[in-house]
Amino acid sequence: MKHKILVIHGPNLNMLGKREPEKYGTSTLDEINTLLTTHGSRTGIDVQTFQSNHEGSIVEKIQQARDVYNALIINPAAYTHTSIAIRDAVLLLDIPVVEIHLSNIYKRESFRHKSMLCDVVTGQIAGFGMYGYLMALDAIVNILQ
Ligand code: DQA
């Protein structure tokens, strides 16, 4: 059976390309999603992507991922640092979860050093720009195989 991986992008990531390119790069979210789905199909994986600026929508998407997806890649963006609701939703899952950040959150403002998710995910990747998403996908493929 084909593995299904869900990729969730949090608030303001729909503005990638225009948003602080010195921190987040010049690629758009569409380009990142295309890269992920193409890379996924090469390795025989079905990659679905979802972006929302709303905490509740992200929580609902994570809840729906139960029993549907084999792994989750999530960049919760600013909600990383604040959202107990997203943390609790991730705790509902019993699949590998990779937390990803384009920038190295530990090199930035101190309020970004805290992740509400870091101790409930399988692993975290930060600071490698869009390449980090591919690293996350490869890590998950390695876990699933
Ligand atoms: C981010 C880092 C967060 O601190 C920030 O709020 C974002 C993006 C990243 O990918 O580097 O929106 O998650």
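For the structure itself, consult the block above.
So, here is what we can say about the structure in this document. Owing to the predicted nature of the structure, the values given are computational and were not obtained by experimental measurement. (Residues numbered from 1 in each chain as written. Predicted model: local features only at pLDDT ≥ 70, side-chain atom pairs only at ≥ 80, totals over all residues. Heavy atoms only, no water.)

1. A few points about the site of the ligand
Inspection of the region around the ligand gives Arg19, Tyr24, Asn75, Ala77, Ala78, His81, His101, Leu102, Ser103, Ile105 and Arg112 as its neighbouring residues. With respect to the ligand, the side chain of Arg19 contributes an N or O atom lying 3.0 Å from an oxygen atom. Between Arg112 and the ligand, the recorded distance is 2.9 Å, taken from a side-chain N or O atom to an oxygen atom. For the ligand, the protein covers 99% of the area, taking 320 Å² as the surface of the free molecule. Among the residues forming the shell around the ligand, the class breakdown is five nonpolar, four polar and two charged. (Near = heavy atom within 4 Å. Polar contact = N/O pair within 3.5 Å; in protein donor to acceptor, adjacent residues only side chain to side chain. Areas by Shrake-Rupley, 256 points an atom, 1.4 Å probe, with all protein chains shown as cover. Nonpolar A, V, L, I, M, F, W, Y, C, P; charged D, E, K, R; others polar.)

2. Quick notes on the packing of helix 2 (residues 29-42) against helix 5 (residues 131-144)
Following both chains from N to C, one finds helix 2 and helix 5 inclined at 25°, their axes separated by 10 Å at the closest point. Considering their axes alone, helix 2 and helix 5 lie roughly parallel with respect to each other. Crossing angle aside, the handedness with which helix 2 passes helix 5 is right-handed. Contacts between helix 2 and helix 5 pair Ile32, Leu35, Leu36, His39 and Gly40 from the former with Tyr133, Leu134, Leu137 and Asp138 from the latter. Taken together, the residues of the contact of helix 2 with helix 5 break down into six nonpolar, two polar and one charged. (Axes fitted to C-alpha atoms, helices over the stretch in contact; angles between N-to-C directions. Helix = DSSP H or I, 4+ residues; strand = E, 2+ residues; numbered from the N terminus. Parallel < 35°, antiparallel > 145°, perpendicular 65-115°, else oblique. Left-handed = near helix turned anticlockwise from the far one by under 90°. Contact = heavy atoms within 4.5 Å.)

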